[in-house]
Amino acid sequence: MPDRSCSKLLRALLPLLAAAGCDGCPSSRPYTPYTLGSAAPSGAPPPLSGVVPGAATAGPEADAGAPDAAAPRFTVVPSVPAPEGGKQWPLEGGPVAAAPTGRTFETGLLLDVDGDGARDLVAWARSPDGLRGELLLAPAARPQALRTLAALPGDLDAQGCTPRVGLSQIGPSALAFDFAPQCGGAHRGAAGTGPTRWIAVIRLPGPAAGAGAPPELALELRLRAPPAEEALSASLEVADRDADGRDDLIVSVGLSGALRPFPAPAGAASEVRAPLVFLDRPAGLSRDAAQPGEALRALAASLLRDARGKSTAPAVAASAQRLRRFHAALCADAERGAGATAGRDAARAGEALVWTGPGPVRCGEPGLAAAIDHAEAVAASTRGAPLAAIAALDRGGAEARTKEDGKLLAKLAPPATAAAVYRTAAAPQPTRTGAFGPLAFEASGALLVRTAQGVVRVDPATSPATSTESATDIPPWPAAVHAGPAELVAVERRCDAPTLLALFRSSPDAVGEMEVPLPLLRGQGPRARPGAAAPERCAGTERLPFVPLAASERGFDIALGAALISIDLRAAAPASSALSFPLTTPAPQGAARSPDGATLAIPAAGGLLVATAGGAARLWTGGDLAQATACAPANGGARVACVAGAAAVIFEAK
């Protein structure tokens, strides 16, 4: 007869666990999930348990007629408040457990821990401020012989916060203690800089251990605070995953909310979850190396399926960003090139928010980032957005591209060989990266070169070699990128920020710079040194190359590689968003756009991406393009001019 408890277990678990499979779920080992909860983005206190004694068990009812429909389930047993004053706790039969000096009992459980038939006390004893304490065992036979089962780690920073604690029996042989600091906005900054939630799982001795065997600390779990817009949650579930007769532990981790400026998810996609599985072995809990990798790969595969559907492809970009963010929050090795993690060094752990024992979780999924990029590229191609697809394929660099990625890139932007057809005598004025360049085509096809002495016109000719250069009275256009009084200064990648940041000054005389989060996660965007691989650890602050495309009273349009971004300064809180091609804003002189604004020429995918609205994009390489900067295209994209050395060079593609 089929084991129908497996289907019940999968329905009670999250879809991620279902995707990963059910490795042994005998009907004799039912469980009830214990939800640790999540601090909501508003900072409201979370529930410490979603199950109370006598309540219905989690998950839908069993199928009608299932042979195990009435099988007993373990109901989570929450702790009870300590007697008034918290200095003493009476046990059954008259003994009294006294709290240690400087401590007060807050909450506890009465249960037979050591198998002698009498109910012992497991209780949380805290300091007066509640920010320090121990989980203690007072045996019924000798209540004065207190034993520390787990002590709150001394490096948890919860100063200025109000602690919330919960203690529950979550299975026949498992207790869970949850220390959750509730803090105001002042204590919630960048990822990992706020208070840390600490969960301790205590394994009770089974009958095989014999009477008097002590409980032991089986697992410590730390949930570091995400940014205020996000919420991190965890639920504990006890089930015999490997059918060896011992209860294993499943920690299901979820991330909800959305970083600014990403749109808030809705419906079923509002939370992403994956399990950490710990198998019960005689020597203790041992993490199952298959998870969360299997669940993460299943999510990436689901993205790719959606990417190929006309109706589902539009939602893939947002889902891909949520999965990338969850991967970074859950796995210390999520960022490309992430090296070994040492101790509690948060910089080496990247953005990882989930720690077990002494260090963060390493998921061992080096190809996941590339799989997510590929799914997003396929989705963008499906919905007719070739530049967005190229931007996704270019995120990991050429070394991360698979053969399928290469084929898709060649289809989206067929390669073209560029040749220099004219080199100017006029020397373009040197310009910093991220400024309007010294080159601009006119609608007639003439090239304007901004020099230190003024603007020189290079008139078109039937033969480029016979072009002529002449001085003009055209006013030089500014290099600085201004939107009204505001100036765009830089784009940065920083260790303390989960997204890339645009920096601008609100006015020429402003003191300091303002920040606008961009719709690209920290690991996205070009490197400061094009072609360089991601470092093995976050390296402080990195200023990234970007290309200005437009500036007006509304704000700025820029390109980071092939990713097009709009920064809107009109609201009280400046915002940014992904930008669609073709752009509708006018093309200023010196931008990487043609005079009619319909053609872009931006460095991406290892070459110069030349794209024209209504036409095919092409990836130009060869000639002096590898060293060229500040490129500007002519109308139609047949010619591109770039600064190469001390001259301006006009290129044509073959």
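Residues numbered from 1 in each chain as written. Predicted model: local features only at pLDDT ≥ 70, side-chain atom pairs only at ≥ 80, totals over all residues. Heavy atoms only, no water.

Quick look at the environment of P548
- Note that P548 resides in strand β30 (residues 547-551).
- Look at P548 and you get buried, because its relative accessible area is 3%.
- In contact with P548, other than residues within four places in its own chain, are G434, A435, F436, V481, D557, I558, A591 and A592. (Helix = DSSP H or I, 4+ residues; strand = E, 2+ residues; numbered from the N terminus. Buried < 20%, exposed > 50% of the residue type's maximum accessible area, 1.4 Å probe, protein only. Contact = heavy atoms within 4.5 Å.)

Structural notes on the pairing of strand β38 (residues 639-644)
- By the criterion of burial, β38 is predominantly enclosed, with 6 of the 6 residues buried.
- Side-chain alternation along β38 places R639, A641 and V643 on one buried face and V640, C642 and A644 on a second face that is also buried.
- Pairing analysis gives 3 bridges linking strand β37 (residues 629-633) to β38, with the strands arranged antiparallel. Directly across from T629, in β38, lies its bridge partner V643.
- Between β37 and β38, which pair antiparallel and follow one another directly, the connecting turn spans 5 residues, one of which, G636, has a positive phi of 85°.
- Pairing between β38 and strand β39 (residues 647-653): 6 bridges, direction antiparallel. In the strand pairing of β39, R639 is matched with E652.
- Here β38 hands over to β39 after 2 residues, with G645 in that stretch at a positive phi of 70°. (Pairing = 2+ DSSP bridges.)

So, the sheet that holds strand β35 (residues 607-612)
- Pairing is mixed in the open sheet, where 7 strands are placed in the order β34-β35-β36-β20-β39-β38-β37. Among the strands making up the open sheet, the edge pair consists of β34 (599-604) and β37. With direction set aside, neighbouring strand axes in the sheet form an average angle of 35°.
- Two elements, strand β20 (residues 415-423) and strand β36 (residues 618-621), share 3 bridges in a ladder whose sense is parallel. Pairing of A416 across the sheet is with W620, part of β36. (Axes fitted to C-alpha atoms, helices over the stretch in contact; angles between N-to-C directions.)

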